[in-house]
Amino acid sequence: MDLVQLEIFKAVAEHGSISAAAAQIHRVPSNLTTRIKQLEQDLGVDLFIREKSRLRLSPAGWSFLEYARRILDLVQEARATVAGEEPQGAFPLGSLESTAAVRIPELLAAYNQLHPKVDLDLSTGPSGTMIDGVLSGRLAAAFVDGPVLHPALEGVPAFEEEMVIIAPLNHAPVQRAADVNGENIYAFRSNCSYRHHFEKWFSTDAAVPGKIFEMESYHGMLACVSAGAGLALMPRKMLQSMPGSATVSVWPLTADFRYLTTWLVWRRGTVSRSLSMFVRLLEERGVVRADA
């Protein structure tokens, strides 16, 4: 097994086609076919399921792809470190929507100024989607609700968020979940950690929400709540950043549910130079804090 085989395998796995991979890495298709077969013989497993003109990764292939990406990333990092190069190249970063909106714009601007050769690409979504992106190698790192206990991930705490419930202006006081038992709520999709937190707040008080309406943005949630149609949970700092925040009533959660910590996570053992510089900037700025 050598690095060329790993690069060929990665290209074929990502394109699902020998011809498309060959065009990307500027090799003839027959060479890729031969090197893939040699790699499979060396490993003693089939890495692909062959279907006419397309290739699908086998279960063993999916597992090997993660290791191949890690090895190639480490080799690139080692070369850059030995050569004393400044960070450069693609740096795909994921983030919760609220974190991207109100927590990291200044951080990203500072990073871009310090490392202009890095092509930072930001994606947003629920914690579950962001974690999947990091595990698959699509994202180098992501800001997610923590702590993250997955054995393949590591990270650092970044921000502490105060979570609040928003309700219509004329709503009765919300001191506990039992006060809003059966009321409709607005939340992100089921893989959102904030939604899980909201549902747990209900269940811990032997209460249940009414219908859960799935939304795509905090602005949509705010608009619906302001119209008197239900409740929503969001970080206070996110709420304060939005026009219309004064059109709803705001209720803090009980102590056990009031604060959540956002973490920056990445795959264990795969810290690129771009990521290490990003983590250093994060730590230098001392961004972990609570908003009372």
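Look up: the structure comes first, before these words.
Here is a short report on the structure shown in this document. (Residues numbered from 1 in each chain as written. Predicted model: local features only at pLDDT ≥ 70, side-chain atom pairs only at ≥ 80, totals over all residues. Heavy atoms only, no water.)

Things to note about the side chain of Gln5
By secondary structure assignment, the location of Gln5 is in helix H1 (residues 3–15). Residue Gln5 is classed as buried on the basis of its relative accessible area of 6%. In contact with Gln5, other than residues within four places in its own chain, are Arg35, Gln38 and Leu39. (Helix = DSSP H or I, 4+ residues; strand = E, 2+ residues; numbered from the N terminus. Buried < 20%, exposed > 50% of the residue type's maximum accessible area, 1.4 Å probe, protein only. Contact = heavy atoms within 4.5 Å.)

Some remarks on unusual backbone geometry
The omega torsion of the bond from Gly146 to Pro147 falls at 0 degrees, within 30 degrees of zero and hence cis. Mapped onto the secondary structure, Pro147 falls in the loop between strand E5 (141–145) and strand E6 (153–168). A positive phi angle, near 60 degrees, is found at His26, a position not held by glycine. Along the chain, the position of His26 falls in the loop between helix H2 (18–25) and helix H3 (29–43). With a relative accessible area of 72%, His26 lands in the exposed category. Phi is positive for Ala206, which is not a glycine, with a value near 55 degrees. Mapped onto the secondary structure, Ala206 falls in the loop between helix H8 (193–204) and strand E8 (212–214).

Points about the packing of aromatic side chains
Scanning the entire structure with this criterion turns up twelve aromatic pairs. Summarising the aromatic geometry, the rings of Phe91 and Phe278 are spaced 5.7 Å apart at their centres and angled 65 degrees between planes, so their arrangement reads as edge-to-face. With Phe91 in strand E3 (residues 89–95) and Phe278 in helix H12 (residues 273–284), this residue pair connects regions lying 187 residues apart in the sequence. Like Phe91, the residue Phe278 is buried in the burial classification. A centroid spacing of 5.8 Å and a plane angle of 40 degrees characterise the contact between Phe143 and Phe159, whose relative ring orientation is tilted. In this pair, Phe143 is assigned in strand E5 and Phe159 in strand E6, connecting sequence segments 16 residues apart. These aromatic residues form a ring-pair network of at least three members: Phe91, Tyr111, Phe143, Phe159 and Phe278. (Phe/Tyr/Trp six-rings, centres within 6.5 Å; stacked < 30°, edge-to-face > 60°.)

Observations regarding the packing of H1 against H2
Closest axis-to-axis distance for the H1/H2 pair is 8 Å, and the angle between their directions is 125 degrees. Considered as vectors, H1 and H2 are oriented oblique to each other. The element H1 and its partner H2 pack so that their crossing is right-handed. For the pair H1 and H2, contact is made by Ile8, Ala11, Val12 and His15 and by Ile18, Ala20, Ala21, Gln24 and Ile25, respectively. (Axes fitted to C-alpha atoms, helices over the stretch in contact; angles between N-to-C directions. Parallel < 35°, antiparallel > 145°, perpendicular 65-115°, else oblique. Left-handed = near helix turned anticlockwise from the far one by under 90°.)

A short note on the layout of surface pockets
Size it by volume and the largest pocket reaches roughly 940 Å³. Looking at the largest pocket, it is lined by 32 residues, and the ones nearest its centre are Lys10, Leu72, Asp73, Gln76 and Ala90. Those elements that place two or more of their residues in the lining of the largest pocket are H1, H2, helix H4 (59–82), E3 and H12. Examining the composition of the lining of the largest pocket, we find that eight residues originate from one element, H4, more than from any other. (1 Å grid on protein atoms, 1.4 Å probe; cavity = no way out; pocket = protein on both sides within 12 Å on 5 of 7 lines; lining within 4 Å. Points joined across faces, edges and corners; volume = space filled by probe spheres on them.)

A short note on the pattern of salt bridges
Taken as a whole and judged by the stated rule, the model has twelve salt bridges. Each of Lys10, Glu14 and Arg69 takes part in salt bridges that share partners, so that together they form one network. (Salt bridge = Lys/Arg side-chain N within 4 Å of Asp/Glu carboxyl O.)

Brief notes about empty space enclosed by the protein
Tallied over the entire structure, the rule returns one cavity of 30 Å³ or more. Space inside the largest cavity adds up to approximately 50 Å³. Taken together, Tyr186, Ala187, Phe188, Cys192, Tyr194, Arg195, Phe198, Tyr218, Met221 and Leu233 form the lining of the largest cavity. No other element matches H8, which puts three residues into the lining of the largest cavity. Of the residues that constitute the lining of the largest cavity, the class distribution is nine nonpolar, no polar and one charged. (Nonpolar A, V, L, I, M, F, W, Y, C, P; charged D, E, K, R; others polar.)

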